[in-house]
Amino acid sequence: MILILSSLMILSIHDSIVDIIEWNRLKKFQNFKNVKFKLSMVSELPEPARRFFKFSIKEGTPLLTVAEIEMSGKFSLGTKEKPNYKEMKASQILASPEGFIWTLHLPGLIPISGSDTAKWTRFRILHLFPVARMGNDLDHTKSAFGRYVAESVFWTPAAVLPNDHIKWKQIDHDTVRVTIEKDGLFQDVDIKVNEEGCPIEVTFLRWSNANVNKQFQLQPFGGKPSNFKEVQGFKIPFHVEAANLYGTKDEFFFFKADINKIQFLNH
């Protein structure tokens, strides 16, 4: 028993160190070239996209693309019928399209903690006993890619400005689609904006096994941002709710987050 506990403790310490290494790696993707936003940068985009950027990025804002985020809220450990929401605290670094790391803590009599990244998902109870340990395969990579590039629409809008790997297409009067490519991965994300350009709905087809068959497939995923505040020249939603099977009869909002702090690294 002592040998098993010692091994689990060593594994936990190892994972914590790897989390720190990955966090610091992602920090290095911040753009420090002092390029500042101009509306002319998006003048050739479809009108709803221009509306989105005019709302989301103040003219003259340095185009910082990496953010550190602290959040709280509710995270479901159950199903739509029995959601079993738990109070959560989490920290995240978002560096789309390079990656992300999200560290989660669910307090309680039996606390759950761990991290989710583009490379792995690792969670344990009592900070010691693994309850989920997966990743390093194409299914995980595709699923994670969909998550963090969609989150960049919420929290790091400078990261979705058009370039050779980011294209925009109009869907209807208030909806625009951004397609992001990285290392052979492609993800379409649809953004619905109001008349001011504020995003009110973000949807996409995500590669996911969050379904009754627990099999990976493309399925609807969506988020609703609200409570926008300006941070370092960016208008960011401080409340986001996300759902698997978004827009279907099985829609389930498993994630309800309030941002406590967000900062764009500038040094």
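Up top you'll find the structure we're talking about.
All values reported here derive from a predicted model rather than from experimental measurement.

Caption draft 1: Representation of the nonpolar core in the model. In terms of nonpolar packing, the biggest core is built from 60 residues, with Phe-53, Met-71, Trp-102, Trp-155, Trp-168 and Ile-262 touching the most fellow members. Among the elements that take part in this core, helix H3 (residues 138-155) stands out by supplying eight residues, more than any other. In contact with Trp-168, other than residues within four places in its own chain, are Leu-45, Pro-46, Ala-49, Phe-52, Phe-53, Val-160, Leu-161, Pro-162, Val-176, Arg-177, Val-178 and Ile-191. Judged by nonpolar contacts, the second largest core, of eight residues, contains Val-66, Ala-95, Ile-101 and Leu-265.

Caption draft 2: The environment of Ser-56, seen in detail. Position of Ser-56 among the secondary structure elements: in helix H2 (residues 47-56). Considered as a pair, Ser-56 and Phe-252 are 196 residues apart in the sequence and their alpha carbons are 28 Å apart. With near-sequence residues (within four places) excluded, Ser-56 lies in contact with Pro-157, Gly-233, Phe-234 and Lys-235. A distance of 2.8 Å separates a polar atom in the side chain of Ser-56 from the backbone oxygen of Phe-52.

Caption draft 3: Quick peek at the side chain of Arg-147. Tracing the backbone shows Arg-147 in helix H3. For Arg-147, the contacting residues outside a window of four places in its chain are Gln-92, Phe-100, Trp-102, Asp-116, Phe-204 and Arg-206.

Caption draft 4: The arrangement of the packing of aromatic side chains in detail. If you walk through the whole model with that rule in mind, you get 17 aromatic pairs. Both rings, one in Phe-52 and one in Phe-53, keep their centres 5.0 Å apart while their planes meet at 65°; by these two values the pair is edge-to-face. Phe-53 carries the same exposure label as Phe-52, and that label is buried. Here the aromatic rings of Phe-145 and Tyr-148 are separated by 5.6 Å at their centres, their planes lie at 90°, and the arrangement is edge-to-face. Separated by three residues within a single helix, Phe-145 and Tyr-148 lie in helix H3, roughly one turn from each other.

Cut-offs and rules
- Residues numbered from 1 in each chain as written.
- Predicted model: local features only at pLDDT ≥ 70, side-chain atom pairs only at ≥ 80, totals over all residues.
- Heavy atoms only, no water.
- Core = buried A, V, L, I, M, F, W, Y, C linked by side-chain atoms within 4.5 Å.
- Buried < 20%, exposed > 50% of the residue type's maximum accessible area, 1.4 Å probe, protein only.
- Helix = DSSP H or I, 4+ residues; strand = E, 2+ residues; numbered from the N terminus.
- Contact = heavy atoms within 4.5 Å.
- Polar contact = N/O pair within 3.5 Å; in protein donor to acceptor, adjacent residues only side chain to side chain.
- Phe/Tyr/Trp six-rings, centres within 6.5 Å; stacked < 30°, edge-to-face > 60°.

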